[in-house]
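What follows is each chain in one-letter form.
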There are 2 protein chains.
Amino acid sequence: MDHSELLTKRRAVRDYEEKEVPLDILMQVINESCLAPSSSNRQPWHFIIINNKDVIKRLSDESKRNLLLDLESNPASPSSNYEAILRDKHFNVFYNAPCLVFIVGPKELLSLQVDCALAACYFMFSACARGLGTCWIGLGRFIKDPEILKLIGMPDDHQIVAPIVIGYPKDIPDVPDRMGPQILNIVS
Amino acid sequence: MDHSELLTKRRAVRDYEEKEVPLDILMQVINESCLAPSSSNRQPWHFIIINNKDVIKRLSDESKRNLLLDLESNPASPSSNYEAILRDKHFNVFYNAPCLVFIVGPKELLSLQVDCALAACYFMFSACARGLGTCWIGLGRFIKDPEILKLIGMPDDHQIVAPIVIGYPKDIPDVPDRMGPQILNIVS
């Protein structure tokens, strides 16, 4: 897959085959993710792999619960756009994907968001090149229950930056509309 | 360039030929950057292109000045590792590259850091596939002087997320050491 195929074919996939992602292939994807650049080459990313559908469902319920609690105290929260689906008990924020990977890192690191986003970008490309679909699930990072955090092996001083589902796509959506590039200025 | 070439060949380039990046090629790179995914498909990224070496030098001096001021009030700041080069008046944080692109967006947007980091990742791959080198300059985003901000056309309610230099590489460095992937847990 050449570069422009890769950049255009990487799509947010929300519909997956009932087929596991072999661990060796997932490890290839994670290895390639670690080629991402990071601030001062710190490589602060850590990975938690969850390929148990019951645990993924529990994580979905926990994240939805916390988003709805937040909405009660802050009705203008950006997640208000998602209130209807958050209240739908059949809706799984992880789209019933067979595998979920959390890219996490130390809370106190200033560059953590961008470092982990770069690793996530490599992850999505590497998966795409192997015929796998991914989707970064912004609604899936609100995990607070200490019991669940312990179950998934999340260190206390870490936070989830990128929850990414991965699996074999049943359906690959078209490119959603893109605005033209917004160039504010060219200083020559 | 196939996907694994792209992922391994994208290097942080800090040494550039004295050769301009044609604007049409830069626009191809920016167009491809806009294929990045973003939270709720908001595409909040805006681009400022600076291909004037005097302005780039002024931006370097301004960013260094603010980093040094910050170091005075906060000696434990992460930029303390860079104090010697920041005090070197010949050091240009943008490595005398012929072109600098700021990826910027609205300050108040919660997902701004990760959205712009994803666009930056696409930018770096797209440039690499065209034989161009890039480097995300973490030390280059501390621009506060209202006169300079006005000169480059930065909106008041926006912030710089990713300052990226781009040009034809004189020297492509080897891959710096990478740690093996840090897998915290596999929940099966």
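Because the structure is predicted, anything quoted here is derived from the model rather than measured.

Asks: Mind showing me how you'd approach the packing of helix α2 (residues 23–33) of chain A against helix α5 (residues 112–129) of chain A here?
Replies: Residue and element names in this part refer to chain A. At a closest axis distance of 8 Å, the pairing of α2 and α5 adopts a crossing angle of 140°. In terms of orientation, α2 and α5 fall into the oblique class. The chirality of how α2 crosses α5 is right-handed. Across the interface between the two elements, V29, E32 and S33 of α2 pack against A119, Y122, F123, S126 and A127 of α5.

Asks: Help me out: how do you make sense of helix α3 (residues 53–73) of chain A in this one?
Replies: Because an α-helix completes one turn every 3.6 residues, residues spaced three or four positions apart along the sequence face the same direction. Residues and elements named next belong to chain A. Between the first and last C-alpha of α3 there are 31 Å, a value that for 21 residues agrees with the 30 Å anticipated at 1.5 Å per step. Among the residues making up α3, those that are buried are I56, L59, S60, S63, K64 and L67. Projected down its long axis, α3 carries its buried residues within an arc of 130°, all on one side. Along α3, exposed side chains directed more than 90 degrees from the buried face belong to D54, L69, E72 and S73. Residues of α3 that are buried make contact with β1 (46–50), α4 (83–87), β2 (99–106) and α6 (146–152).

Asks: For this particular structure, what's the right way to read the confidence of the model for chain A?
Replies: Caution applies to low-pLDDT regions: their predicted coordinates should not be interpreted in detail. Averaged over every residue, the pLDDT of chain A is 95; residues scoring 70 or more account for 100%. Two numbers describe this predicted complex: its pTM, 0.95, and its ipTM, 0.95.

Definitions and limits used
- Residues numbered from 1 in each chain as written.
- Chains lettered and ligands numbered in written order.
- Predicted model: local features only at pLDDT ≥ 70, side-chain atom pairs only at ≥ 80, totals over all residues.
- Axes fitted to C-alpha atoms, helices over the stretch in contact; angles between N-to-C directions.
- Helix = DSSP H or I, 4+ residues; strand = E, 2+ residues; numbered from the N terminus.
- Parallel < 35°, antiparallel > 145°, perpendicular 65-115°, else oblique.
- Left-handed = near helix turned anticlockwise from the far one by under 90°.
- Contact = placed C-beta atoms within 7 Å.
- Expected span 1.5 Å × (residues − 1).
- Buried ≥ 20, exposed ≤ 12 C-beta atoms within 10 Å, placed from the backbone.
- Arc of directions from axis to C-beta.
- pLDDT = per-residue confidence, 0-100.

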